[in-house]
Every structure is written in C-alpha cells, then in structure tokens.
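Examination of the molecular architecture
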Amino acid sequence: MNIVVLRENQQGESRVALMPEAVKKLVALKASVQIESSAGLGAARSDEDYRNAGAEISADRNALLESADVMPVVNRPAAVDFARLKKGAVVIGFLRPLDEPSALQPAADCGVTAFAVELIPRITRAQSMDALSSMATVAGYKAVIIGADRIPRMFPLLMTAAGTVPPARVLVLGAGVAGLQAIATAKRLGAVVEGYDVRAAAGEQVKSLGATFLEVDLGGIKTEDAGGYAVELSDEAMNRGRALIAEHAKQTDIIITTAQVPGRRAPLLITEDAVNGMKRGSLVIDLAGATGGNCALTKADEIVERNGVTVIAPTNLAATVPVHASQLYSRNITAFLTPMIKDGQLQIDMNDDVVGPSCVTHNGEIVNKRVSDML
Ligand code: NAD
C-alpha cells in the first residue's frame, strides 16, 4: 500500500497531513510512504526528516497522485487532483462535506473513496481520531493570543507603584472545544472571563475553568441533539441570548465567538447594535467566519472597524500554529488508518461504526445520506 502526502497548496496553508513520527509508525506497519518534496517545511519538517522516518521524497506531484493508494490531506483536493487518482484510491481529510457537498461530486465521479474527518463520530473509541477537536483546540488558544496582542491594554490585574491596572474582560460565546480552550487560555493570562452557550452541559465546563457562565432563560426548550451538538433555535430564543450578550459586550475588551450548528449557517449572536455599544479599543474575534460568522459585522478573513471597535474573523487559525496543528492532526489520521491496515494493506470495513459514517464517496457514489440529501 502506497501512502502519499502532497504539499498543501491552498493559500495560507502551512500544515501537513502526516508528520515524520506518523510516517515511522505507518512504515512499521509495512506501508510505503511517499512525500512531495517540501511538504513539511511549513510545519518545520524537512525532506531529510521524512527520509529518516522511512519515506521516499518526490518532486513529481502528478506521479505521486497517480501512484497513491491512500492520500491523507489537510484540505480537500481540487477536482483535477481527484481525476489523477486511481479508481478506488482513498482520500482522508477535511473535505467540508456539509458546507460544500457538491465539491465532493468529482471524488465520486472518479471512483475515489473519500473519508471526511468532520464526519468521524464523536464516540469514545474515536476520540483519538477527532481532528475537529484538535484544530478547535489550536484555534481557541491562538484567538486569545491574537486578542492579547491586538488590544491596547494588558490582560492581568497588576498592582504597581503607579497604581492598579484592572484585568482585561473576555467574553467567549460558544463553549465547545474551541471556546473552552479560549476560556482556559484567557484565564491563564489573567483576564476576567465569561462564557455563554445554549447547551446546559457547557455551563458546568465553563465554571470548572474558573469563568462565569452567562445563563439565559430559554424556557426549557431543547438545545442539543442526541450527538451533543447544539440545534438551531427559534428567533425568540436567539433574541434572548442576543440581548444578554449585548448587555455584557458593553464592559468587554475581547469577545471570542465560536458558536456553530453543524450543517447550518453560524448563529448570529452579536448584532450591529451590540457592536455599537462596545467600548473603543475592544475587539471581536469571530471564529465562525467560514460559516457566516456570529457577529453581524463579520467579514471572513477581513478586518472591520466600527467606532474604535475591531471585528476580525480569521478562518484558518490552526494553520498559524502549524507544528502542533500538524502533529495533532497527523496523530488523528494515523489513529483512523492504523486499525484498517492489515499486513501492509488497507482493508476497509464499511460496517465499522467509525469507518462507515465518515465515508462520503465510495464505488462512484455519494454514500453518506446527510451529504446526498443536501445535494
Ligand atoms: P461546535 O463547533 O459545533 O460548536 C461550538 C459551540 O457553539 C458548541 O458548544 C455549541 O453548543 C455552541 N452553540 C451553537 N449554537 C449556539 C448559540 N445559538 N448560542 C451559543 N452557543 C451556541 O461544537 P464542538 O466544539 O465541536 O463540540 C460540540 C459538542 O461535542 C460538545 O458537546 C462537546 O463537548 C462535544 N464533543 C464530544 C467529543 C467526544 O466525545 N469525543 C469530542 C469533542 C466534542
């Protein structure tokens, strides 16, 4: 079995799908691994590092595509790349099956078997494969670091001879994986932190990190599905949340928003009026920019200024921490592939409760029902 890793060629991408330590593990399982020259440079890994781990290096991207049996990727390959793969070749990565389902039709048409890491079920057995959590962890951390760098003040409470410096106030909207990491990081830097989420379970987690949980009375409605994800709420419930957020936004230096509802536009949590009510010098970092944003002024990957308030929405923060993002991702990918490798060959069991649900295309068809329904 030939595992191929290409250099990610999307703008701003610096991660790599497999780090040398993962290559070593796969080679020990009798797989052969080929890496496109320079694929690891963004993540501070040289061709030599990969060679030492047992990989072969090639600069011929097209030949690599043609010879791949399995191709772990960070981002979804372009249609022309799918077309170069062998029928039956396996691709695994962030394929955005629920945001851009039609972009996976070329994979089906080319007979590629595509696994989307976004669809790996969040069951206990698959925790080590949870690439969404890995990237959300990195993004939540980095959002706070960017925030600390951008605002015109310090984070911690300081008592100095020149007087007291009050701590920064940080509000985190959406207390899932990214939000909780943002809360933990902001707390470590000394900020006073508040968290908000519609899932009841999130409240306990926010409090356990030493932050205050903003509670809104949603009238006992159902806020999460069986998988633990938030559901889309009624306008009335959303408005109650927005009013509470607008009130707290007035005193906040940084709002970090991470709220998502899988397969839907990101919920709008910060209205234009709420931004207008914020202090000069304060900042909104919207991590939901790729799916429409949690703030009314958000423009993905742009900087918006309003009355001294800045709104930014970086869509690929994980790529700005490429070493650790690649390391975590590469371990997630290896954890997914390893149980399927038998005597150096990939044996796909679609009845497996992790493998089956994460498959989007197989044998020329879109096999995931959620994705085919969207098409
Ligand atoms: P996500 O990225 O889908 O959403 C981020 C957060 O936004 C979630 O906490 C969600 O509740 C919140 N949100 C959605 N709509 C909102 C609204 N209108 N107002 C405020 N907040 C809103 O979520 P995620 O970080 O990927 O995690 C989602 C769930 O999965 C959580 O329950 C998490 O604990 C769970 N999880 C389980 C595992 C596992 O068991 N392996 C791993 C990771 C996450």
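Below, the structure is looked at part by part. Just so you know, the residues in each chain are numbered from 1, in the order the chain's sequence is written. In keeping with the predicted nature of the model, local features appear solely for residues at pLDDT of at least 70, side-chain atom pairs appear and are counted solely at 80 or more, and the whole-chain, interface and lining totals rest on all residues. Processing note: side-chain calculations cover all non-hydrogen atoms of the structure and skip hydrogens and water entirely.

Some points on the site of the ligand
- The nearness test applies per residue and asks whether one of its heavy atoms lies within 4 Å of the molecule or strand. Neighbouring residues of the ligand: 22 residues in total, closest R122, S133, V177, D197 and R199.
- Within 3.5 Å is the distance limit for a polar contact, defined as a pair of N or O atoms, with the added protein rule that one can donate a hydrogen and the other accept it, and that residues adjacent in sequence qualify only through two side-chain atoms. A distance of 2.6 Å separates an oxygen atom of the ligand from a polar side-chain atom of R122.
- Note that an oxygen atom of the ligand is positioned 2.7 Å from one of the backbone N or O atoms of V177.
- In the complex, 84% of the free accessible area of the ligand, which totals 830 Å², lies under the protein chains.
- Residues are grouped as follows: Ala, Val, Leu, Ile, Met, Phe, Trp, Tyr, Cys and Pro are nonpolar; Asp, Glu, Lys and Arg are charged; all remaining types, including Gly, are polar. Among the residues forming the shell around the ligand, the class breakdown is 11 nonpolar, 7 polar and 4 charged. Computed with a 1.4 Å probe, the accessible areas rest on the Shrake-Rupley method; for each residue, only the protein chains presented here act as cover.

Some points on the pattern of salt bridges
- By definition, a salt bridge exists where a carboxyl oxygen of Asp or Glu is found within 4 Å of a side-chain nitrogen of Lys or Arg. Tallying each qualifying case throughout the model produces 24 salt bridges.
- The partner of D253 in a salt bridge is R153, and the shortest N-O contact between them spans 3.8 Å. Taken together, the residues span a long stretch of sequence, with D253 in the loop between helix 9 (235-249) and strand 12 (254-257) and R153 in the loop between helix 6 (131-150) and strand 7 (158-160) at a distance of 100 residues.
- Judged by relative accessible area, R153 falls into the partly exposed class, the value being 30%.
- Two residues, E204 and K207, come together in a salt bridge whose shortest N-O distance is 3.9 Å. Comment: elements are numbered from the N terminus, with helices defined as DSSP H or I runs of at least four residues and strands as E runs of at least two. Remark: exposure states derive from per-residue accessible area (1.4 Å probe, protein chains only) relative to the maximum for the residue type, with buried under 20%, exposed over 50%, and partly exposed in between.

Regarding the packing of helix 1 (residues 20-28) against helix 11 (residues 322-337)
- Contact geometry of helix 1 with helix 11 gives a least axis separation of 9 Å together with a crossing angle of 20°. Taken as axis vectors, helix 1 and helix 11 run roughly parallel relative to one another. Pair helix 1 / helix 11 crosses with right-handed handedness. Residues E21, A22, K25 and L26 of helix 1 pack against Q327, S330, R331 and T334 of helix 11.
- Of the residues contributing to the contact of helix 1 with helix 11, the split by class is 2 nonpolar, 3 polar and 3 charged. Axes here mean lines fitted to C-alpha atoms, for a helix over just the part in contact, with angles spanning 0 to 180 degrees between N-to-C directions. The scheme is simple: roughly parallel for angles under 35 degrees, roughly antiparallel for over 145, roughly perpendicular for 65 to 115, oblique for anything else. Handedness of a crossing follows from how the near helix is turned relative to the far one, being left-handed for an anticlockwise turn of less than a right angle and right-handed for a clockwise one. When checking whether two residues touch, look at their non-hydrogen atoms; a contact exists if any pair is within 4.5 Å.

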